[in-house]
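Chain by chain, the residues run as shown.
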Amino acid sequence: GVYYSCSLNIYYLAVVHYEKTDQHIRNKIEPFLHGVPLGFGLIVAITLLVKRNLNNGGGESCIEPVYDPPHCIGYEDGDIREGFT
């Protein structure tokens, strides 16, 4: 959301302050106004997926550390630790 907000601010600055034409904005500025936020979002999302660090922590952010408590070690293999029967 922050990068699209910056893109809107740059657009309004180009239109109002610098009085750029629609043709100039469409050809020179608009590709960056869409490309930078989308590119940054994709890079962050792919990086978090590759590192397996994109989790639902119950909060507003999905960037949470992996929840892997020590009592779950060996659970997938069928091992049950003492006290967890």
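Preceding this paragraph is the structure being described.
In this report, the structure presented in the accompanying data block is examined. Small disclaimer: the values here were computed from a predicted structure and weren't measured.

### Observations concerning the overall build of the protein chain
Thought 1: In terms of regular secondary structure, the protein chain is built from two helices and zero strands.
Thought 2: Classification of the 85 residues of the protein chain by burial places 11% in the buried group.
Thought 3: Counted over contacts in the protein chain with a minimum sequence separation of 6, partners at least 24 positions apart contribute 23%.

### A closer look at helix α2 (residues 22-50)
Thought 1: Between its first and last C-alpha atoms α2 spans 40 Å; for 29 residues at 1.5 Å apiece the expected length is 42 Å, and the two agree.
Thought 2: Roughly 55 degrees is the biggest bend found in α2, and it falls at Ile29, with proline Pro31 one to four residues downstream.
Thought 3: Among the residues making up α2, those that are buried are Ile25, Ile29, Leu33, Pro37 and Leu48.
Thought 4: Against the buried residues of α2 lie α1 (2-17).

### Considering the packing of aromatic side chains
Thought 1: Within this structure, the stated rule accounts for two aromatic pairs.
Thought 2: Ring geometry for Tyr3 versus Phe40: centroids 4.5 Å apart, planes at 50 degrees, classification tilted. In this pair, Tyr3 is assigned in helix α1 and Phe40 in helix α2, connecting sequence segments 37 residues apart.
Thought 3: We classify Tyr3 as partly exposed; its relative accessible area is 38%.
Thought 4: Judged by relative accessible area, which is 40%, Phe40 ranks as partly exposed.

### Quick look at the environment of Phe32
Thought 1: Position of Phe32 among the secondary structure elements: in helix α2.
Thought 2: The spacing of Phe32 and Ser7 is 25 residues in sequence and 8.4 Å in space, taken between C-alpha atoms.

### Things to note about the side chain of Ser7
Thought 1: In this structure, Ser7 sits in helix α1.
Thought 2: There is a polar contact of 2.9 Å between the side chain of Ser7 and the backbone oxygen of Leu33.
Thought 3: Residues in contact with Ser7, not counting those within four places in the same chain, are Leu33 and Pro37.

Conventions used here
- Residues numbered from 1 in each chain as written.
- Predicted model: local features only at pLDDT ≥ 70, side-chain atom pairs only at ≥ 80, totals over all residues.
- Heavy atoms only, no water.
- Helix = DSSP H or I, 4+ residues; strand = E, 2+ residues; numbered from the N terminus.
- Buried < 20%, exposed > 50% of the residue type's maximum accessible area, 1.4 Å probe, protein only.
- Contact = heavy atoms within 4.5 Å.
- Expected span 1.5 Å × (residues − 1).
- Bend = angle between axes of the 7 residues up to and from the residue.
- Phe/Tyr/Trp six-rings, centres within 6.5 Å; stacked < 30°, edge-to-face > 60°.
- Polar contact = N/O pair within 3.5 Å; in protein donor to acceptor, adjacent residues only side chain to side chain.

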